[in-house]
Amino acid sequence: MPRVLVVEDDPDIATVIRHHLERAGHSVQHVASGRDALSAAHDARPDLVVLDLMLPGMDGTLVCQALRQDAATAGLPIIMLTARGEEADRVRGLELGADDYVVKPFSPKELVARVAALLRRADRADRPAAPAARRWLAHGPLAIDLDGHQVLADGQPVRLTAKEFLLLRYLLEHRGRVLSRDLLLSDVWGYQYTGGTRTVDVHVRRLREKIPWLAGALVTVKQFGYKLEEPAAP
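Presented here is an overview of the structure given in this document. This one's a predicted model, so the numbers in the text were calculated from it and none came from an experiment.

**Notes on the sheet that holds strand β8 (residues 150–153)**
With respect to topology, four strands assemble into an open sheet ordered β6-β7-β8-β9, the strand pairing being antiparallel. At either margin of the open sheet sits one strand with a lone partner, and together these are β6 (136–139) and β9 (156–158). Taking each pair of neighbouring strands and ignoring which way they run, the sheet shows an average axis angle of 25°. For β8 and β9, the ladder comprises three bridges, and the chain directions are antiparallel.

Next up, the structure:
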């Protein structure tokens, strides 16, 4: 049973989220503050966090940042939940490491669908295959262990979030093709995403920061999308 940590200080909203997630077959733990969220993330080891942005004391942005900076929780899928719907706020949350962004008021069924979609894409991290059965993708200095959910750049491990891993895998699988932002949203995020195409840009920027080789190999196609190719020879 997937374990979901819900961090929400409004008891009515928390009750609604918990009810719908439990009906969908998830085990739910609820906390109401940022500091309790960090403790629960380390002690209970959830499979996913639904994180409200506006929290007493330590707000959601700081919680998200702290989770991403800790090796034990760096790959934990995070859905940020907030009443702030402006694009700048969504982008800020994604830049801090959130995998998805849901704006209040929201449809509980949509939230459950997003939780399920993100969990489906993250669960292989906990289920590595036997060494002989592992499948790899390679391109330039990059090697992706598809079954072990690991990325190596020049032989060194790179720590990616679940969504970053899936985006990188998709780019490698379709290298040489020009991929539109709408196509990436549809195929990587797995459903009709309402967060806007800036979501793709934020995740691409994070990949380039974590894997500097991509700065030359992952080309921006103006007003359209991206193309992964070999970097130009010096």
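So much for the structure itself; the text now carries on.
**Notes on the environment of A83**
Relative to the helices and strands, A83 resides in the loop between β4 (78–82) and α4 (87–95). Classification of A83 as exposed rests on a relative accessible area of 58%. Separated by 31 residues in sequence, A83 and D52 place their C-alpha atoms 8.8 Å apart. Once residues lying within four places of it in the same chain are set aside, the contact partners of A83 are V103 and K104.

**Quick word on the pattern of salt bridges**
By the definition in use, this model includes twelve salt bridges. Measuring nitrogen to oxygen at the nearest pair gives 3.6 Å for the salt bridge that ties R3 to D47. Taken together, the positions of R3 in strand β1 (residues 3–7) and D47 in the loop between α2 (34–43) and β3 (48–52) put the pair 44 residues apart, joining distant regions of the chain. The partner of K210 in a salt bridge is E164, and the shortest N-O contact between them spans 2.7 Å. Residue K210 is found in helix α8 (residues 198–210), and its partner E164 is found in helix α6 (residues 162–173); the two are separated by 46 residues along the sequence.

**Remarks on the sheet that holds strand β10 (residues 178–180)**
Spatial ordering of the open sheet is given by β10-β12-β11, a layout of three strands whose pairing is antiparallel. The sheet is open, and its two borders are formed by β10 and β11 (218–221), each paired with just one other strand. Within this sheet the neighbouring strands show an average axis-to-axis angle of 30°, counted without direction. Inspection of the sheet shows β10 paired to strand β12 (residues 225–228) by three bridges, in the antiparallel sense. Looking across to β12, one finds that V178 is bridged to K227. Sitting on the sheet, helix α7 (residues 181–189) touches β10, β11 and β12, and the angle it makes with β10 is about 75°.

**Some points on the pairing of β11**
Both β11 and β12 contribute to a ladder of four bridges, which runs antiparallel. If you follow L218 over to β12, its bridge partner there is L228. Here β11 hands over to β12 after three residues, with Q223 in that stretch at a positive phi of 60°.

**So, α4**
Of all the positions in α4, only R90, V91, G93 and L94 are classed as buried. Buried residues in α4, looked at end-on, bunch into an arc of 160°, giving them a common side. On the buried face of α4, the contacting elements are β4, β5 (100–103) and α8.

Scoring rules and cut-offs
Residues numbered from 1 in each chain as written. Predicted model: local features only at pLDDT ≥ 70, side-chain atom pairs only at ≥ 80, totals over all residues. Heavy atoms only, no water. Pairing = 2+ DSSP bridges. Helix = DSSP H or I, 4+ residues; strand = E, 2+ residues; numbered from the N terminus. Axes fitted to C-alpha atoms, helices over the stretch in contact; angles between N-to-C directions. Buried < 20%, exposed > 50% of the residue type's maximum accessible area, 1.4 Å probe, protein only. Contact = heavy atoms within 4.5 Å. Salt bridge = Lys/Arg side-chain N within 4 Å of Asp/Glu carboxyl O. Arc of directions from axis to C-beta.

All quantities given are derived from atomic positions and should not be read as evidence of function.
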